[in-house]
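Observations on chain architecture
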Amino acid sequence: MLAGCRADMEIMRKEIFGPVLPIQVVEDLDEAIALANDCEYGLTSSLYTRDLSKAMQAMREIDFGETYINRENFEAMQGFHAGVRKSGVGGAVGKHGLYEYTHSHVVYLQS
């Protein structure tokens, strides 16, 4: 856990894969959402709150492939897993992953 982080720090700007939790104090949810969305990555986000309306606001406004609210980041295999921007390859697991390996071809024939 790294306390006292700022938005301009590399740990806050890069996609870090490892057991690290950078913490930045913000004034409110709007600032947190703006800071989260102001990056080139968007694989997974997490939010912990007791306020259901704030959870719903974050769900609508945050631009990430996955958002976990009040839970650990254990994915459901039947879900769609993908990131946005420079994160993630796109839903290659679960039933939705099959669509990446299919190709539709519609033919209209009149004789």
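For the structure itself, consult the block above.
Summarised in this report is the structure supplied together with it.

The secondary structure content of the protein amounts to four helices and two strands. Ordered by position from N to C terminus, the α and β elements of the protein give α-α-β-α-β-α. Counting only residues that meet the buried cut, the protein has 20% of its 111 residues in that class. Taking all contacts inside the protein whose residues are at least 6 apart in sequence as the whole, residues at least 24 apart take part in 35%. Put simply, the protein shows about 8700 Å² of open surface, and 56% of that area lies on carbon and sulfur atoms.

Residues of strand 2 (residues 66–69) alternate between two faces, with E66 and Y68 buried on one and T67 and I69 left unburied on the opposite face. With four bridges joining them, strand 1 (residues 44–47) and strand 2 adopt parallel strand pairing. Its bridge partner being in strand 2, S46 is matched across the sheet by Y68. Each parallel crossover has a hand, and the one from strand 1 via helix 3 (residues 52–61) to strand 2 is right-handed.

This paragraph deals with the packing of helix 2 (residues 29–37) against helix 3. Between two packed helices, both the angle of their axes relative to each other and the distance between the axes serve to describe the pair. Following both chains from N to C, one finds helix 2 and helix 3 inclined at 25 degrees, their axes separated by 11 Å at the closest point. Comparing the axis directions of helix 2 and helix 3 gives the class roughly parallel. Like other packed secondary-structure pairs, helix 2 and helix 3 cross with a definite hand, here right-handed. Mapping the contact onto sequence places L29, D30, I33 and N37 in helix 2 and K54, Q57, A58 and E61 in helix 3. Taken together, the residues of the contact of helix 2 with helix 3 break down into three nonpolar, two polar and three charged.

Judged by nonpolar contacts, L29, I33, L47, A55 and A58 together constitute the single largest core of five residues. When near neighbours in sequence (up to four residues on either side) are disregarded, L29 contacts L47, K54, Q57 and A58.

The tally for this structure, following the rule as stated, stands at three salt bridges. Between R6 and D8 there is a salt bridge, with the nearest N and O atoms lying 3.1 Å from each other. Take R6: its relative accessible area is 45%, and that puts it in the partly exposed class. A salt bridge links E40 to K14; its shortest N-O distance comes to 3.7 Å. Placement of E40 in the loop between helix 2 and strand 1 and of K14 in the loop between helix 1 (10–13) and helix 2 is noted, with a sequence separation of 26 residues between them. Note on K14: relative accessible area 39%, which makes it partly exposed.

Reported here for the largest pocket is a volume of approximately 1500 Å³. Contributing to the lining of the largest pocket are 38 residues, with L21, P22, T44, S45 and S46 lying nearest its centre. Among the secondary structure elements, those contributing two or more residues to the lining of the largest pocket are helix 1, helix 2 and strand 1. It is helix 2 that contributes the most residues to the lining of the largest pocket, five residues altogether.

Reading guide: rules and limits
- Residues numbered from 1 in each chain as written.
- Predicted model: local features only at pLDDT ≥ 70, side-chain atom pairs only at ≥ 80, totals over all residues.
- Heavy atoms only, no water.
- Helix = DSSP H or I, 4+ residues; strand = E, 2+ residues; numbered from the N terminus.
- Buried < 20%, exposed > 50% of the residue type's maximum accessible area, 1.4 Å probe, protein only.
- Contact = heavy atoms within 4.5 Å.
- Areas by Shrake-Rupley, 256 points an atom, 1.4 Å probe, with all protein chains shown as cover.
- Pairing = 2+ DSSP bridges.
- Right-handed = clockwise from strand over helix to strand, strands pointing away.
- Axes fitted to C-alpha atoms, helices over the stretch in contact; angles between N-to-C directions.
- Parallel < 35°, antiparallel > 145°, perpendicular 65-115°, else oblique.
- Left-handed = near helix turned anticlockwise from the far one by under 90°.
- Nonpolar A, V, L, I, M, F, W, Y, C, P; charged D, E, K, R; others polar.
- Core = buried A, V, L, I, M, F, W, Y, C linked by side-chain atoms within 4.5 Å.
- Salt bridge = Lys/Arg side-chain N within 4 Å of Asp/Glu carboxyl O.
- 1 Å grid on protein atoms, 1.4 Å probe; cavity = no way out; pocket = protein on both sides within 12 Å on 5 of 7 lines; lining within 4 Å.
- Points joined across faces, edges and corners; volume = space filled by probe spheres on them.

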